[in-house]
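Chains, contacts and geometry: an overview
Residue-level listing of the chains:
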Amino acid sequence: MNAFVELDQLLNPAHPCFTVETAANLLKIEPDAAKMARVEELSAKANEGKLTRSEESEYWSHIYVGKLMSVLKLQARLFLKRAAS
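The text that follows walks through the structure, step by step, so that each part is easy to find. Because the structure is predicted, anything quoted here is derived from the model rather than measured.

What counts and what doesn't
Residues numbered from 1 in each chain as written. Predicted model: local features only at pLDDT ≥ 70, side-chain atom pairs only at ≥ 80, totals over all residues. Heavy atoms only, no water. Helix = DSSP H or I, 4+ residues; strand = E, 2+ residues; numbered from the N terminus. Buried < 20%, exposed > 50% of the residue type's maximum accessible area, 1.4 Å probe, protein only. Contact = heavy atoms within 4.5 Å. Lys, Arg positive; Asp, Glu negative; His and termini not counted. Salt bridge = Lys/Arg side-chain N within 4 Å of Asp/Glu carboxyl O. 1 Å grid on protein atoms, 1.4 Å probe; cavity = no way out; pocket = protein on both sides within 12 Å on 5 of 7 lines; lining within 4 Å. Points joined across faces, edges and corners; volume = space filled by probe spheres on them. Nonpolar A, V, L, I, M, F, W, Y, C, P; charged D, E, K, R; others polar. Polar contact = N/O pair within 3.5 Å; in protein donor to acceptor, adjacent residues only side chain to side chain. Phe/Tyr/Trp six-rings, centres within 6.5 Å; stacked < 30°, edge-to-face > 60°. Core = buried A, V, L, I, M, F, W, Y, C linked by side-chain atoms within 4.5 Å.

Here we come to the overall build of the protein chain. Counting its secondary structure elements, the protein chain contains four helices and zero strands. Start at the N end of the protein chain and walk to the C end: the helices and strands fall as α-α-α-α. Taken over 85 residues, the protein chain has a buried fraction of 16%. Residue pairs at least 24 apart in sequence account for 69% of intrachain contacts in the protein chain once pairs closer than 6 positions are excluded.

Structural data, given as structure tokens:
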């Protein structure tokens, strides 16, 4: 099973683990500029097929973290939308 499917089920909006405050704070989190620059650098190298094993591992870690944050932020938005209703 895909880890993100499991995470999505764990963070089911019908059974939220958020409070209004924690959901709002989560939505304020922005990526670090230095890390984003590093991801762009790794992305360019990946497109050229020039990543070392270490860089490839680092690159995929950034991708997985980005996906996780996207899922968490989506869940937080859904929670806040429902809380406002």
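Next, the rest of the story.
Secondary-structure assignment places Lys73 in helix H4 (residues 53-84). Although Lys73 is buried, it makes no salt bridge; Glu30 carries the closest opposite charge, 4.5 Å away. The residues touching Lys73, leaving out its near neighbours within four places in the chain, are Leu26, Leu27 and Ile29.

Moving on, we come to the layout of surface pockets. The volume enclosed by the largest pocket comes to roughly 420 Å³. Taken together, 15 residues line the largest pocket, and the ones lying closest to its centre are Pro31, Met36, Val65, Gly66 and Met69. When contributions to the lining of the largest pocket are tallied by element, the ones reaching two or more residues are helix H3 (33-47) and H4. In terms of residues, the lining of the largest pocket owes the most to one element, H4, which gives eight residues. Partitioned by chemical class, the residues of the lining of the largest pocket number eight nonpolar, three polar and four charged.

Okay, the side chain of Glu55 next. As for its position among the elements, Glu55 is in helix H4. Within the structure, Glu55 has its side chain in polar contact with the side chain of Lys45 (distance 2.7 Å). Residues in contact with Glu55, not counting those within four places in the same chain, are Arg38, Leu42, Lys45 and Lys50.

In this description, a pair of aromatic rings is defined by centroid distance and the angle of the planes. By the definition in use, this model includes three aromatic pairs. On the numbers, 6.1 Å between centres and 65 degrees between planes, the contact of Tyr59 with Trp60 is edge-to-face. Residue classification places Trp60 among the partly exposed residues on the basis of a relative accessible area of 37%. These aromatic residues form a ring-pair network of at least three members: Tyr59, Trp60 and Tyr64.

Let us now look at the nonpolar core. Counting residues in each nonpolar core, the largest one holds six residues, listed as Phe18, Ala23, Leu26, Leu72, Ala76 and Phe79. Broken down by secondary-structure element, the contributors of at least two residues to this core are helix H2 (20-28) and H4. In terms of residue count, H4 provides more of this core than any other element does, three residues in total. Not counting the four nearest positions on each side in its chain, Ala23 is found in contact with Phe18, Ala76, Phe79 and Leu80.

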